[in-house]
Amino acid sequence: MDGSSTQELRRLLSAPPPNWHPLPTIPGGTRRHRHDDPIAVLHASLERLRDSGDERHLFLRTLLEALSSSSAGGGGGGDVVAYDEELLFHCAVGLRHRGWTQSSNNDDDDGSSSSSSSSSSTEDDEQQSYLESIMSSAFPGVRTFAGADAQRGLFAHLNSLLSYPFDRRSTTTTTTTTTTDASAMRHAAAMSATFLSLLLGEFAGGASSSARYNLPLEFHRLCHHLFERGSDDDVVSVNYKRSGLDAALHSSMTALSCLVGHVLDDDDGGAVMEESLLELGSCIVDATCDALSWEFGAHSKWDAVGGSGLAVSLLRLPQRWRETLINPEFLGAMIRVYLAVRGVMMTIGAGDATRINLMSKQGGLAHRLRQLLLQLSSIAGGPIFANEDERGAYAGFLMDGCLDVLESVLNEQRQHQQPEEGSFASDLRSAEIVDLVTILSRLTANFRIQILSQLPAFPRYLSALCTMGEWLLESSLVECQRVEGDVESMEGVDWRNDAIAQILHCSDAMAGDFWLVSGAADGQEGAVNASRALASILAPLYGRYCMCRVRMSCLEEHFASREGADLDEIREEISAFGMEEEMASAASLGRLNVVASMTTLSEMFRQCTPRLMSLFEMAGRTVGDMTPDMAALLEESRMLLVCACHLLTDDCAGETPAIPESVIYACQPSHGVASNSCLLLIASLVEMLKSLAEAQATKVAAYPADPCLSPLLAKTLLWFFRRWAPAYILPSSDEYRENAGGILSAYSKPETAQPVISFCTTLCLLYFCHWPQEKEVQDESATLLLALAKKGAFVRSLMVNSPSFEKMAALHSVCASLRHSASHPELLAAIAAIGADLSIESVRGYQRLPYSDRARVLTCLIVACSEMQDEKANAMFVGCLKAVETPFSTLVQALSNAQASSEDINVQEFACLLILLYGGVVRASEMSEPERIPLFITPSLPHLSGLMTYYARDLTICGGLLKLFRDYAEQYIAIMTRDQSIDLFAASASLLKHYSELHLKNRVVQKRSEAIEVLFEEEQNYNDVLCAIQLLIFLGTKDFTIICSTSTSSSVGVETSQITDVIFFGLQQVLPLMTQGLLQFPTLCQHYFSLVGFMMETYPEKLCSLPFDLFNSLLESLLFGMSHADPLVAKSSLHGLASLAREHLRTHALSAHLSTKIDIFDNCSFRLINEVIFQPFIWDRLEPAGAALLPLAAIDVQSFIRLVNSISQQLGCDDKQRRLLAAFETLIQPEMLAKVTAEGREGRFVRYQFKSDFNTFVRDVQSFLINK
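So, a few notes on the structure that sits alongside this text. (Residues numbered from 1 in each chain as written. Predicted model: local features only at pLDDT ≥ 70, side-chain atom pairs only at ≥ 80, totals over all residues. Heavy atoms only, no water.)

## Regarding the overall build of the protein chain
Regarding its fold elements, the protein chain presents 56 helices and zero strands. A burial count over the protein chain gives 49% of its 1268 residues as buried. Look at the contacts in the protein chain between residues 6 or more apart in sequence, and 78% of them connect residues 24 or more apart. Carbon and sulfur atoms make up 53% of the accessible area of the protein chain, which amounts to about 57,400 Å² in all. (Helix = DSSP H or I, 4+ residues; strand = E, 2+ residues; numbered from the N terminus. Buried < 20%, exposed > 50% of the residue type's maximum accessible area, 1.4 Å probe, protein only. Contact = heavy atoms within 4.5 Å. Areas by Shrake-Rupley, 256 points an atom, 1.4 Å probe, with all protein chains shown as cover.)

## Quick look at a negative patch on the surface
Residues Glu580, Glu581, Asp651 and Glu655 make up a contiguous surface patch of negative charge. Residue position: Asp651 is located in the loop between helix 26 (628–648) and helix 27 (661–666). (Patch = residues over 30% accessible without salt bridge, like charges linked within 9 Å, V, L, I, M, F, W, Y side chains within 5 Å. Salt bridge = Lys/Arg side-chain N within 4 Å of Asp/Glu carboxyl O. Lys, Arg positive; Asp, Glu negative; His and termini not counted. Charge placed at Lys NZ, Arg CZ, Asp CG, Glu CD.)

## Observations regarding the packing of helix 18 (residues 424–452) against helix 20 (residues 493–511)
How two helices sit against one another is set out by the angle between their axes and by the gap between those axes. At a closest axis distance of 9 Å, the pairing of helix 18 and helix 20 adopts a crossing angle of 15 degrees. Between helix 18 and helix 20, the interaxial angle falls into the category roughly parallel. Read as a crossing pair, helix 18 and helix 20 show a hand that is left-handed. Along the contact surface, helix 18 presents Ser430, Ile433, Val434, Val437, Thr438, Leu440, Ser441, Thr444 and Ile449, while helix 20 presents Trp495, Asp498, Ala499, Gln502, Ile503, His505, Cys506, Ala509 and Met510. The class makeup of the residues in the contact of helix 18 with helix 20 is eleven nonpolar, six polar and one charged. (Axes fitted to C-alpha atoms, helices over the stretch in contact; angles between N-to-C directions. Parallel < 35°, antiparallel > 145°, perpendicular 65-115°, else oblique. Left-handed = near helix turned anticlockwise from the far one by under 90°. Nonpolar A, V, L, I, M, F, W, Y, C, P; charged D, E, K, R; others polar.)

## Quick notes on the packing of aromatic side chains
Any aromatic ring pair is given by two values, namely how distant the centres are and how the planes are angled relative to each other. This structure, assessed with the given rule, holds 21 aromatic pairs. Ring geometry for Phe458 versus Tyr461: centroids 6.3 Å apart, planes at 45 degrees, classification tilted. Within this pair, Phe458 and its partner Tyr461 are both found in helix 19 (residues 458–482), separated by three residues, close to a single helical turn. Here Phe458 matches Tyr461 in class, with each residue buried. (Phe/Tyr/Trp six-rings, centres within 6.5 Å; stacked < 30°, edge-to-face > 60°.)

## A closer look at the packing of helix 25 (residues 594–617) against helix 26
Running from amino to carboxyl end, helix 25 crosses helix 26 at an angle of 150 degrees, the nearest separation of the two axes being 10 Å. Remark: the crossing between helix 25 and helix 26 carries left-handed chirality. Seen from helix 25, the contacting residues are Ser597, Met598, Leu601, Met604, Phe605, Cys608, Arg611, Leu612 and Leu615; seen from helix 26, they are Met630, Leu633, Leu634, Glu636, Ser637, Leu640, Leu641, Cys643, Ala644, Leu647 and Leu648. Along the lines of polarity and charge, the residues of the contact of helix 25 with helix 26 split into 16 nonpolar, two polar and two charged.

## Re helix 25
The end-to-end C-alpha distance of helix 25 is 33 Å, a good match for the 34 Å that 24 residues give at a rise of 1.5 Å each. The sharpest bend along helix 25 comes to roughly 30 degrees, located at Cys608, with the proline Pro610 sitting one to four residues further on. For helix 25, the full list of buried residues reads Val594, Ser597, Met598, Leu601, Ser602, Met604, Phe605, Cys608, Thr609, Leu612, Leu615 and Phe616. (Expected span 1.5 Å × (residues − 1). Bend = angle between axes of the 7 residues up to and from the residue.)

## Digging into the side chain of Arg591
When you line up the elements, Arg591 lands in the loop between helix 24 (569–590) and helix 25. With residues near it in sequence (within four places) discarded, Arg591 still touches His646, Leu647, Leu648, Thr649, Asp650, Pro660 and Ser662.

## Overview of the side chain of Ser1199
By the secondary structure assignment, Ser1199 is in helix 53 (residues 1197–1209). On the basis of relative accessibility, which here comes to 7%, the residue Ser1199 falls in the buried class. One polar contact links Ser1199 to Asp1162, side chain to side chain, over a distance of 2.7 Å. (Polar contact = N/O pair within 3.5 Å; in protein donor to acceptor, adjacent residues only side chain to side chain.)

## A word on unusual backbone geometry
Backbone geometry places Glu484, a non-glycine residue, at a positive phi of 60 degrees. Mapped onto the fold, Glu484 is located in the loop between helix 19 and helix 20. Even without being a glycine, Glu929 presents a positive backbone phi close to 55 degrees. Structurally, the position occupied by Glu929 is in the loop between helix 38 (905–922) and helix 39 (932–937).

## Description of the pattern of salt bridges
Within this structure, the stated rule accounts for 42 salt bridges. Among the ionic pairs, Asp404 bridges to Arg460, the shortest N-O distance being 2.4 Å. Residue Asp404 is located in helix 17 (residues 388–414), and its partner Arg460 is located in helix 19; the two are separated by 56 residues in the primary sequence. By relative accessible area, which is 34% here, Asp404 ends up partly exposed. Note that Lys715 and Glu776 form a salt bridge whose closest N and O atoms lie 3.6 Å from each other. Within this pair, whereas Lys715 is found in helix 29 (residues 711–728), its partner Glu776 is found in helix 31 (residues 775–789), the two being separated by 61 residues in sequence. What you see here is one network of salt bridges that share partners, running through Arg342, Glu412, Arg429 and Glu432.

## Focus: the environment of Phe1177
In this fold, Phe1177 is placed in the loop between helix 51 (1160–1173) and helix 52 (1182–1195). Residue classification places Phe1177 among the partly exposed residues on the basis of a relative accessible area of 30%. A C-alpha to C-alpha distance of 8.5 Å links Phe1177 and Ala1125, two positions 52 residues apart in sequence. With residues near it in sequence (within four places) discarded, Phe1177 still touches Ser1123, Glu1171 and Val1172.

## Brief notes about the environment of Val623
Within the secondary structure, Val623 sits in the loop between helix 25 and helix 26. For Val623, a relative accessible area of 77% gives the class exposed. Distance from Val623 to Pro707, taken between C-alpha atoms, is 8.8 Å for residues 84 residues apart in sequence.

Given below as structure tokens:
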């Protein structure tokens, strides 16, 4: 590389730039940035040349010289020496830098340049001519496209390059054509296809392009829109105007047709043995896929803060593409091409590096063809299809083709023609299988079973899915057995799991389809036939799935236990979550034939249960730790439980528990013998699980530390009954379409439901008393009890009548005043005081429960005993509350009379216990007649807040009190009477006052790391601050409930001022700590700005009256929040700032503060303009930013004009200054500012007009200031 431009550039870079002053040498260190340091000189010269704009185009000319010499030398890239390679890199970077700078100085985002002056236009034309002359001299044959027909000429040129290698006249009439010439033509065509892909990618835009080119998002939005926009009408007509996107699709599809014809015309398969053709084919298919995956509608693409993969999985294409894509001949040709490539690829076999390289290129083309088929399978319904029949025929063509390939794979497997696992051919085969089942999954999700079931290939499709799934599962099991459970050493486990997941997605989409479920229940012939086909052909896969997955889990557990491997908790949690999702999808497969699935699971349980019972019988005689065989057996039973639970129940979090429709349908009496069989299978399985749970819990009561008893198995059993019992016990018949019968009546009477309720309460009680330190077991036990208690009056009465429940209530009454460190005499005294028949062992065990778990049990007790018509339940309810109130009164009296010291560790522990128990009472809001809770809590509120005077410095007690008040306000503020509300406001104000005085002012925020996990842990240290903010938010909702209430009897007399006074008082207590350091924590930040934004919008006059120091802190937090990364935080801050400015415009509320700090609003305007409006992220907070700027400018117009002039002078460039001032002059109209505070229609019109003008202003300013 030795041209004149290159030599000139080297000379320039080797000499120090004028007036360059290098940094001095570091004392005692190495030299740096000296005049004789070539690296320092090089970088300084490069920076100088880039900043000057490279007026002589040295970067571009050097690159062109290098390309020209490379072409002349045959394209050998190895001739470039290391220094030349580095120089070319700097040229490319410098050239792009110049392009960025030039583009940022142009305001013709929409293609218009009418705003440019004539002199600058002349200068641009001269530069363009100069560049074209350089290009012409370096590459005489280069094509240029300019003028109005530039787009048409460009795509015509691309079409000629893409089609030329397939033109028979170019390859048959010229006898002198050589292999090298053909390869060169194909290479040129491949580069053209790559250029087409790059062109589509550039106009597709998005956040990544915005960051890469440092241009505003609005620029890419407009580029996307202009490239996409064709005819305004969906219907193709004579006046149809082809867009750039349409032309790109036409070019790629034309080239694809040529490729297909070339491959199919070659009978001996020689075409797909040529590497240059394979590369060309891959590039053409890539370009076609890029065109099809275009996201139509620029606004939907960029307006959303985040994107979802599901939103773009289906393609919604315009009608004008119909003729090109909805073509049976095209679909058939694509399938035949893929089969041709696949057939040749599978016959090559292993060989040397050349054959492997050829297989790699064939595999690449095959994969791209499959991706194209996936794209075609994703075309959703709409105007592109004439009707549903055409849509069904389209799906049928694709399905037939995919099934042909999939059956070929299965036939090869039956004939033992599979490549060796881990080989290159095996990798190609695994990718093919995953792609094929993904295509079928996409077809299922897109076209739905209502269309697919009418296709002749539907039974064939179900059979292929079942056969492929069984083969994959069995292959995984064989591989797991080969490595003896060492999952990390398994070959091909990832791709098999991916393929199985896609098959399960297919079954899930079909089984849960509304047309199938409702149609089968109503007896519609099409739905019934489809349901029978699924049950007979696809459902048998469920049994194989359960067997293989359970067996693999046993092997894995056996290996882990044998090797003593340390488990990675995070990895295990992720794996468990993935398995949970897979099991839920597999359950939909099993529900296709509930009877057959239950038969399979029952048989597996019958084989496992005797061995498990024998293991439990060994409890008390086990020597040493758990053996690998024991671990494998426990894992087998746990996995079977998981399968059964997912099959029979749904996760109804936040919803009323319900029996799955498929189970109800399978147990309908109209099904005769099959219905009875299903009922018996479910009942026998539940009884078997009850016996298992009872056997282990009994042994836990006798030998809690025995290693053969599994807390994980206990947790899984409780989880099963927690999901099963609330759904199956007393199901409401109005929740289902069918009348009560079958499974709906199985547990709907007291004689059938009482044994289950008693069993569940007894099971929970045993775990409370004998496994108190097993946290996960306690969580599931309390959740099970609460789920039953929330079921309704019928279940609550059954719970109250259970002896185990009575014992549980008695244990609470005894232990409510017992600390963990209570002595044996204290236990005996507490038992005697209650007079209950309780063993000392059960009391000691319940006493060892963590205080938080005791509070959760109390919540369950209160909800279950809340039926006022039941005298027994009423007595238990009063007893539970009295057991908490009495010791608390004793504690308060002892502290107030100085009979107990607040520094005593036992007193502190006792206070923690009682605060948590009060929290358990508060969380019982789902009880019957919840108004009784405020009646109980209100007398204790002053004493509870008074504890803060003793324990404000103790973060545990302090946080517990704040959490208690927060939960109480959240749950009951809407139903409190006037007196109860005022008492809560007074107690909350006292609580926050003591909290602020003794705790907040001494806190130091320490943010040690940016890591997400560490950040979350650090945020927990400030959970008390979060609770205080949330308490104020919930107290503020009282004003809302009064306004919206249809019956004001409960809140009569509560004035808005009483509510706002306590909130602002509390806000004054919290403000001193809300520094920028604390606002770095996401959850705290969101809640704080939610509170402040709401209060500033609703009661700005209150905030304006704050003392100056507090007001200044509040204002600084708003200015910090308006540029926050979270759009919700930013919008809350900007709305608050706008309300502040509007309030001052109306009432001059900030006059006193302005006398202290005169530049308050100037500072707000300056930071709003520089930190928000001039930034690339303005688009997700555009409207609130404009709403804040308008009143800020109206407060003092002359001061705002001076501020704008000052900002413009910082830009440096005269043209930018002029354009910025002109933009502000257009935006800020005096007559508009005079009406900012106007009410009614006039005010709304001013704000609407300013919103539109501000939109235009931001687009204009962003176009030339993004690189200011």
